[in-house]
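Structural characterization, general
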Amino acid sequence: MLKQLLIGNWKSQGSVEEIHQFISAIGRLSAPENVRPVLCPPFVYLDLVKKRLPVGYSLGAQTCSFNLKGAFTGEINANMLQDVGCSYVLIGHSERQESLDILEKQMERAWESNLVPIFCIGEEAPSAWYSLAKKISYLSSISSASPFFVAYEPVWAIGGKIPPSCGYLVQALQYLKSHLKNSQGFIYGGGVRPENLKEILDLHMLSGILVGQSSFQQTVWTMLLAILETYGKVCKKQV
Ligand code: PEP
């Protein structure tokens, strides 16, 4: 069955106690069969989350070092992430402001460690498509032997409560899809909340959803999951 990804990017949030509470609350539910939930906690909590991961969930990291192991103080490399149970890694989240040169190396490190990278891309301001050109050119050059997802995240919509209009999203996703036929699928992130998720799923263009800080709120997370479980089933068709 084609599963929809639901990715929770916790960012710099959480404590041991809060994570125990969150997992206990969501742990009563295992993942719906049509959804693959992916939790992306801060590095220091990966192991804790992995040990308490509900059935059917996957673990992801918020970034990785562009270096291999060695004398790189404070760096967490992709091998370490794989070692503690990660399957996915976010690459190039706009809040990190990394150059394309760095992102390309991070992608290589992810593949070497058998992690699936989720490459974040999005324009800085509405309709500023020119700002995507270099990233699109890089992504389109990736061989189909190296799997990756594209997370379309318009920078101006991140952290807000309202995603772009459906017309805008269709235009943006069609543009990306026409250039990036080698991707495993397209994920949307930026202002996704339980109130607007159905509208986004109605586009029939996505393999998943990426949610930021609010994904660490147990009520928000369980609502998103429930919507994807029930409504996502009728929205499986991909354009
Ligand atoms: C994000 O930061 O990747 C994100 C999608 O955030 P939010 O859900 O808050 O817009």
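Scroll up to find the structure this text is about.
Scope of this entry: the structure provided in the associated data block. Every chain's residues receive numbers from 1 upward, in the order its sequence appears when written. Totals for whole chains, interfaces and linings use all residues, but because this is a predicted model, local features are given only for residues with pLDDT of at least 70 and pairs of side-chain atoms are given and counted only at 80 or more. Only heavy atoms go into the side-chain values, all of them from the structure, while hydrogens and water stay out.

1. With respect to the overall build of the chain
- Only DSSP runs of H or I covering at least 4 residues are called helices, and only runs of E covering at least 2 are called strands; the numbering of each starts at the N terminus. Summing up its helical and strand segments, the chain has eight helices and eight strands in all.
- Radius of gyration here uses only the C-alpha atoms, and the compact-globule reference equals 2.2 Å multiplied by the residue count raised to the power 0.38. By the compact-globule yardstick of 18 Å for 239 residues, the chain fits well, its C-alpha radius of gyration being 17 Å.
- Based on the C-alpha atoms only, the size of the chain along its principal axes is roughly 45 × 40 × 30 Å.
- Burial analysis of the chain (239 residues in total) assigns 54% to the buried set.
- The contact rule is simple, with two residues in contact once any of their heavy atoms fall within 4.5 Å. In the chain, once contacts between residues fewer than 6 apart in sequence are set aside, the share between residues at least 24 apart is 74%.
- The protein chains shown are the only cover counted for residues, whose accessible areas, like all others here, come from Shrake-Rupley with a 1.4 Å probe. Accessible surface computed for the chain: about 11,000 Å², of which carbon and sulfur atoms make up 52%.
- Two residue types count as positive, namely Lys and Arg, and two as negative, namely Asp and Glu; His and chain ends fall outside the count. Charge positions are represented by NZ for Lys, CZ for Arg, CG for Asp and CD for Glu. Where the 21 positive side-chain charges of the chain centre and where its 19 negative ones centre are 5 Å apart. Note on classification: 1.4 Å probe, protein chains only; a residue is buried when its accessible area is under 20% of the maximum for its type, exposed when over 50%, partly exposed between these limits.

2. Let's talk about the sheet that holds strand β6 (residues 149-152)
- Strand pairing requires that DSSP identify at least two bridges connecting the strands. Pairing in this closed barrel of eight strands is parallel, and the strands run β1-β2-β3-β4-β5-β6-β7-β8 around the ring. Recorded for the sheet is a direction-independent mean angle of 25° between the axes of neighbouring strands.
- Sheet topology places strand β3 (residues 58-61) next to strand β4 (residues 88-91); two bridges connect them, and they run parallel. For Ala61, the partnering residue across the bridge sits in β4 and is Val89. Only the contacting stretch of a helix is used when fitting its axis, a line to C-alpha atoms as for every element, and angles between N-to-C directions run 0 to 180 degrees.

3. Some points on the packing of aromatic side chains
- Two rings from Phe, Tyr or Trp (for Trp, the six-membered ring) form a pair when their centres sit within 6.5 Å of each other. Planes less than 30 degrees apart are called stacked, planes more than 60 degrees apart edge-to-face, and all others tilted. If you walk through the whole model with that rule in mind, you get nine aromatic pairs.
- Ring geometry for Phe22 and Phe216: centres 5.2 Å apart, planes at 25°, overall stacked. With Phe22 in helix α1 (residues 16-27) and Phe216 in the loop between β8 (208-211) and α8 (218-230), this pair connects stretches of sequence that are 194 residues apart. You'll find Phe22 and Phe216 in the same group, each marked buried.
- Ring centres of Phe119 and Tyr138 lie 6.1 Å apart, and the angle between their planes is 50°; on these two criteria the pair is classed as tilted. Residue Phe119 is found in strand β5 (residues 116-121), and its partner Tyr138 is found in helix α5 (residues 133-140); the two are separated by 19 residues along the sequence. Each member of the pair, Phe119 as well as Tyr138, is classed as buried.
- A connected cluster of aromatic rings, assembled from ring pairs, spans Trp129, Trp156, Tyr168 and Tyr175.

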